[in-house]
Amino acid sequence: MIMTTVAIAVAPGRREEILKIFWMLLGPVGAEPGCQGCNLYEQVGDENVFLYVEEWETKEHLERHMRSARYERLLAIMEASAQPPKLHYNEVSCSQGMEYLEAVRLGTTAAVAPQGHKSVKE
């Protein structure tokens, strides 16, 4: 999975305008082939700082999206940021869930394998 994050600071007076653009992205991007999630978050304590997150099944899906007209809207939001935007593309190779939390909380030593594999406990 590829996780894309963009953090932006909205200039005073532009919050509603930028939010409208984000709302126009969320549904359509989330429906694109290979998109596993598309969300927008507001920073606690500062309603003018947003974190936009996309999750893509493969690099190919993400790159197709990056060449689209929709992505140009995201680039426009980034250009409108009051501070330099923080953009990250993260490749996620392993995801763990409750079994990892349980192993840590119970104090057992566990090598938790990627999804689809059994955990190995010492």
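Details of the structure are given in the entry above.
This is a predicted model, so every value here is computed, not measured.

## Examining the overall build of the protein
- A tally of regular secondary structure across the protein gives 4 helices and 6 strands.
- For the protein, the succession of helices and strands along the chain, N to C, is β-α-β-β-α-α-β-α-β-β.
- Excluding contacts between residues fewer than 6 apart, the proportion of contacts in the protein whose partners are at least 24 apart in sequence is 59%.
- Accessible surface for the protein amounts to roughly 8100 Å². Of this, 53% is attributable to carbon and sulfur atoms.

## Observations regarding helix α2 (residues 59-66)
- Those residues of α2 not exposed but buried are His61, Leu62 and His65. Along α2, the residues classed as buried sweep out an arc of 100° about the axis, all on the same side.

## Things to note about the packing of aromatic side chains
- Scanning all chains against the criterion turns up 2 aromatic pairs.
- Taken together, the aromatic side chains of Phe22, Phe50 and Tyr52 make up a single cluster linked through ring pairs.

## So, the pattern of salt bridges
- Within this structure, the stated rule accounts for 4 salt bridges.
- A salt bridge links arginine 15 to glutamate 42; the shortest N-O distance between them is 2.3 Å. With a gap of 27 residues between them, arginine 15 in helix α1 (residues 15-30) and glutamate 42 in strand β2 (residues 35-43) connect regions that are remote in the sequence.
- The class of arginine 15 is buried, set by a relative accessible area of 16%.
- Residues joined in a network through salt bridges with shared partners are Arg15, Glu16 and Glu42.

The rules we used
- Residue numbers here run from 1 along each chain, matching the order of that chain's written sequence.
- For a predicted model such as this one, the threshold for reporting local features is a pLDDT of at least 70, and the threshold for listing and counting side-chain atom pairs is 80 or more; totals across whole chains, interfaces and linings nevertheless cover every residue.
- Hydrogen atoms and water are omitted, and side-chain values are computed over all heavy atoms in the structure.
- Secondary structure elements are taken from DSSP: a helix is a run of H or I of four residues or more, a strand is a run of E of two residues or more, and numbering for both begins at the N terminus.
- Contact definition: two residues touch when any of their heavy atoms are within 4.5 Å.
- In these tables, accessible area is a Shrake-Rupley quantity obtained with a 1.4 Å probe, and a residue counts as shielded only by the protein chains included in the view.
- Burial classes follow relative accessibility: with a 1.4 Å probe on protein chains only, a residue under 20% of its type's maximum area counts as buried, one over 50% as exposed, and anything between as partly exposed.
- Within this analysis, the arc is defined by the directions that extend from the helix axis to the C-beta atoms.
- Two aromatic rings from Phe, Tyr or Trp, using only the six-membered ring of Trp, form a pair when their centres are within 6.5 Å; if the ring planes differ by under 30 degrees the pair is stacked, by over 60 it is edge-to-face, and anything between is tilted.
- Each salt bridge in this description consists of a side-chain nitrogen of Lys or Arg and a carboxyl oxygen of Asp or Glu lying within 4 Å of one another.

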